[in-house]
Amino acid sequence: MSSRRNFIKNTALASAAVTATPSIGFSILKKNKPNQTILGHGDYTYKVNNDWAQISAVHTPLLNCHEMEMDSKGRLIMIGDHTKNNIIIFDKSGKVLDAWGTAYPGGHGLKISNEGGEDFLFLADSGWYLNKTGKWVKHNGRITKTTTDGKVIFDIGHPQTIGVYEPGENFCPTEIAIGPNGDIYVADGYGQDYILQYNYKGEFIRRWGGHNNPNKNYNLQNAHGVAIDYRDKNNPMVVCTSRNEQCFKWFTLDGTYVKTLKLPNMQVCRPVFDDTNLYAGVCWSQPKVGKTNWKDHTGFVTILDGDKVVSNPGGTAPEYKNGALQKSYQLKNKPILHGHDVCVDEDKNLYICQWNANKTAPIKLERV
């Protein structure tokens, strides 16, 4: 504890020095020991463990690691888009416990729901998959509820089948959230940018979002993520990613707009809540000079305490001027390529899933 307090104290002094010279900026990125990089800022700093996952490219090949959550047994369950194993289950040491799934070529979103002491998975197939010729192809996706070993409970298919979408409108869902009463919230992030609300049986209730609303606060541009914010226990809210607007938007459980939180230069993925914190992968950012495309490695991770950014592992330190958050940037050595999702364990370690990261496994950020 003493060494940790000294570390935090020294960090605070360094941060104070930078405040006096904001043009320089400040980011913790140093080598404590060979192959031990420290990322992050303030009280949210982490040792990078790139070799956490004990995975075989032969037995458990990877394409993109999209999302990960911890189940009630402390296992880390990951979804990806390699059809030899859409689901990979790790223990916290990184050992692979199980792998299954060949039916989700666009495996993208994962939410674990505990119902009566049993865990169930809600899987989002986004519709984008890599075909045999190595070309990315778009088709319509679906939401599937399964047991943790892959038994299908039910599917939620194309909203056109129930008259919610018009013929020709794509349904390419990217994320799922489960409300306090079991309602299912689906983000159609690669389709029509709606949030679709269903009851626990998969029966449609309502939708909101999309484009061209009279009140622009309801517009969503790349509604990539959705989650339930339980930090105010008396007032849980739905939080939606509007990735192309570089922001999160809060709504009531029945879809009434509440507020927007802008995150300049951060094209964030889904919000992940733990205690008072919000964590998110930043899939893309733009450099200070020039411009990059969506294939370039420009990501990192951002951490908020309440509505304030307090750390950017893999990125530059958060900076506020007159209460307004300034742009954050990826570090030059690119320790994180594309931050797609964050999983937090009980020790506040982070597990980072990356998209378009050269078929690499999730990396672990061990809390300092």
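What you see is a predicted model; the values in this text were computed from it and never measured. (Residues numbered from 1 in each chain as written. Predicted model: local features only at pLDDT ≥ 70, side-chain atom pairs only at ≥ 80, totals over all residues. Heavy atoms only, no water.)

(A) Inspection of the side chain of Thr60 at higher detail. Residue placement: Thr60 occurs in the loop between strand E3 (44–49) and strand E4 (65–70). Dropping the residues within four chain positions of it, Thr60 is found in contact with Ile55, Asn85, Ile88, Val96 and Ala99. (Helix = DSSP H or I, 4+ residues; strand = E, 2+ residues; numbered from the N terminus. Contact = heavy atoms within 4.5 Å.)

(B) Examining the sheet that holds strand E9 (residues 118–125) more closely. Within the open sheet, the four strands sit side by side as E8-E9-E12-E13. Their pairing is antiparallel. In the strand order of this sheet, the two ends are held by strand E8 (107–115) and strand E13 (152–156), each with one partner. Averaged over all adjacent pairs, the angle separating strand axes in this sheet is 20°, with direction ignored. (Pairing = 2+ DSSP bridges. Axes fitted to C-alpha atoms, helices over the stretch in contact; angles between N-to-C directions.)

(C) The sheet that holds strand E15 (residues 184–187), seen in detail. Read from one edge to the other, the open sheet built from four strands follows the order E14-E15-E16-E17, with strand pairing classed as antiparallel. Bordering the open sheet on either side are strand E14 (175–178) and strand E17 (204–209), each of which pairs with just one other strand. Direction aside, the axes of adjacent strands within the sheet are offset by 20° on average. Pairing of strand E16 (residues 194–198) with E17, which is carried by five bridges, proceeds in the antiparallel orientation. Bridging across to E17, Leu196 finds its partner in Arg207.

(D) Seen up close, the state of the cysteines. Under the definition given, this model contains zero disulfides. Left without a disulfide partner, Cys240 is nearest to the cysteine sulfur of Cys247, which lies 9.9 Å away. (Disulfide = S-S within 2.5 Å.)

(E) A look at the nonpolar core. Membership of the largest hydrophobic core comes to 16 residues, with the highest contact counts inside it found for Tyr46, Tyr279, Ile303, Val342, Leu350, Ile352 and Leu365. Counting residues per element, the ones that place at least two in this core are E3, strand E25 (300–305), strand E29 (339–344), strand E30 (350–354) and strand E31 (363–367). No other element matches E3, which puts three residues into this core. Setting aside anything within four residues of it in sequence, one finds Tyr279 in contact with Tyr44, Tyr46, Arg270, Pro271, Val272, Asp274, Thr302, Ile303, Val342, Val344 and Leu350. (Core = buried A, V, L, I, M, F, W, Y, C linked by side-chain atoms within 4.5 Å. Buried < 20%, exposed > 50% of the residue type's maximum accessible area, 1.4 Å probe, protein only.)

(F) Up close: the side chain of His224. Locating His224 in the fold gives a position in the loop between E17 and strand E18 (226–229). Judged by its relative accessible area of 0%, His224 is buried. Polar contacts involving the side chain of His224 include one to the side chain of His108, which spans 3.2 Å. Once residues lying within four places of it in the same chain are set aside, the contact partners of His224 are His108, Thr174, Glu175, Gly189, Tyr190, Thr241, Arg243, Cys269, Arg270 and His340. (Polar contact = N/O pair within 3.5 Å; in protein donor to acceptor, adjacent residues only side chain to side chain.)

(G) Region of the structure containing a nonpolar patch on the surface. Together, Trp128, Leu130 and Trp136 make up an exposed nonpolar region whose accessible area comes to about 260 Å². Tracing the backbone shows Trp128 in strand E10 (residues 128–130). Trp128 sits in the partly exposed class, given a relative accessible area of 31%. (Patch = residues over 30% accessible without salt bridge, like charges linked within 9 Å, V, L, I, M, F, W, Y side chains within 5 Å. Areas by Shrake-Rupley, 256 points an atom, 1.4 Å probe, with all protein chains shown as cover. Salt bridge = Lys/Arg side-chain N within 4 Å of Asp/Glu carboxyl O.)

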